[in-house]
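A closer look at the structure
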Amino acid sequence: MVGASHPVSPGPVLPPSSVAAASPVVPSPRRPTENDGGAASERVRWWYESVLGWPTAPGEPVRLRTGVRFDVLDVPAGAGYATLERLGRAERAGRAGRAGSDGSDGAGSPVPGFPVAVQGGRMLLLVAAGAAEELPGLLEWLEWGSLPLDLTAVGAGGLVDAPPAPEPGPAGLPPRPPERDGLRGAAVWLRPPEPGCEVGSSLPALSVPGRAGTALDLARLVHTLATQCHRVRLAASGPPRARPVARVG
């Protein structure tokens, strides 16, 4: 019919998903990089727990639990350096004496080095677990108990800052220079633990009669430390002197 209106067919109905605006793509979480402080802490934690088997405390900075695999003797750095130098001289003299008496070269089985760290003007010497409990009685027995010594121990239930893991080099694992961080408050290894070695067997411990050992005797170490701490205290009011350079290799 002329003038009649014709119904208009509706166009195809598109599904809502095709007309809705495209959602923005959300990037995946970024993986930690070498520059992330958190990733660096986790690498340090992994090195201590997985490589050395030393327990750490949760949180940051990474801290090592004492009283489990080792205890720590905490002394002024000056007394610590003097102690290491004195012990090193005694060891070298003993080796030279053995060479002269039996015709050998004197390089038999020297007392193994034990891990040592420095932090903010202090030296931290790792000793056998349980040594912290022995320290007060040992100082009394060595007749140092009545004198004020800046010599303390961290044992069961304690924590110490974890130095960064030493970086491998062409000659193994050299210690990082203490001037790099140790004098600014961050702990660094002066003589680091060696992965793959049983660190506990090298830690100074009390001698047991009838048992041959290669670790430094704890009483000898404590007596030497106490002597040097006493000298540092007496010299505190005198003119400053250059810090001795210790041979700790």
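Just above, that's the structure.
Just so we're clear, the structure is a prediction, and the values are computed from it rather than from any experiment.

Right, let's get into the pattern of salt bridges. Summed over all chains, the structure comprises 5 salt bridges. Residues R45 and E42 are paired through a salt bridge, measuring 3.7 Å at the closest nitrogen-oxygen approach. Here E42 and R45 lie together in helix α2 (residues 37–52), a separation of 3 residues that amounts to about one turn. Given a relative accessible area of 11%, R45 falls into the buried group. Across the pair E85 and R89 runs a salt bridge, and its minimum N-O distance is 3.7 Å. With E85 and R89 both in helix α3 (residues 77–102) and 4 residues apart, this pair spans about one turn of that helix. A residue is classified by how much of its surface remains accessible, and E85, at 15% relative accessible area, is buried. One continuous salt-bridge network, built from bridges that share partners, spans D74, R122 and D150.

Think of a pair of aromatic rings as described by two things: how far the centres are apart, and how the planes are tilted against each other in angle. If you walk through the whole model with that rule in mind, you get 4 aromatic pairs. Ring geometry for W54 and F70: centres 4.7 Å apart, planes at 55°, overall tilted. Note that W54 is positioned in the loop between α2 and β1 (56–57) and F70 in the loop between β2 (63–65) and β3 (71–76), a separation of 16 residues in sequence. W54 sits in the buried class, given a relative accessible area of 2%.

Glancing now at the sheet that holds strand β5 (residues 122–127). Pairing between the strands of a sheet comes from backbone hydrogen bonds, and it takes one of two forms, parallel or antiparallel. The strand order across the open sheet built from 5 strands is β6-β3-β5-β4-β8, with neighbouring strands paired in antiparallel fashion. The open sheet has two edge strands with one neighbour each: β6 (152–154) and β8 (188–191). Looking at each pair of strands side by side, their axes are set apart by 30° on average, direction ignored. Pairing analysis gives 3 bridges linking β3 to β6, with the strands arranged antiparallel. Within the sheet, the bridge partner assigned to D74 lies in β6 and is T152. In the packing of helix α6 (residues 218–234) onto the sheet, contacts are made with β3 and β5, and the angle to β3 comes to roughly 20°.

Criteria and thresholds
- Residues numbered from 1 in each chain as written.
- Predicted model: local features only at pLDDT ≥ 70, side-chain atom pairs only at ≥ 80, totals over all residues.
- Heavy atoms only, no water.
- Salt bridge = Lys/Arg side-chain N within 4 Å of Asp/Glu carboxyl O.
- Helix = DSSP H or I, 4+ residues; strand = E, 2+ residues; numbered from the N terminus.
- Buried < 20%, exposed > 50% of the residue type's maximum accessible area, 1.4 Å probe, protein only.
- Phe/Tyr/Trp six-rings, centres within 6.5 Å; stacked < 30°, edge-to-face > 60°.
- Pairing = 2+ DSSP bridges.
- Axes fitted to C-alpha atoms, helices over the stretch in contact; angles between N-to-C directions.
- Contact = heavy atoms within 4.5 Å.

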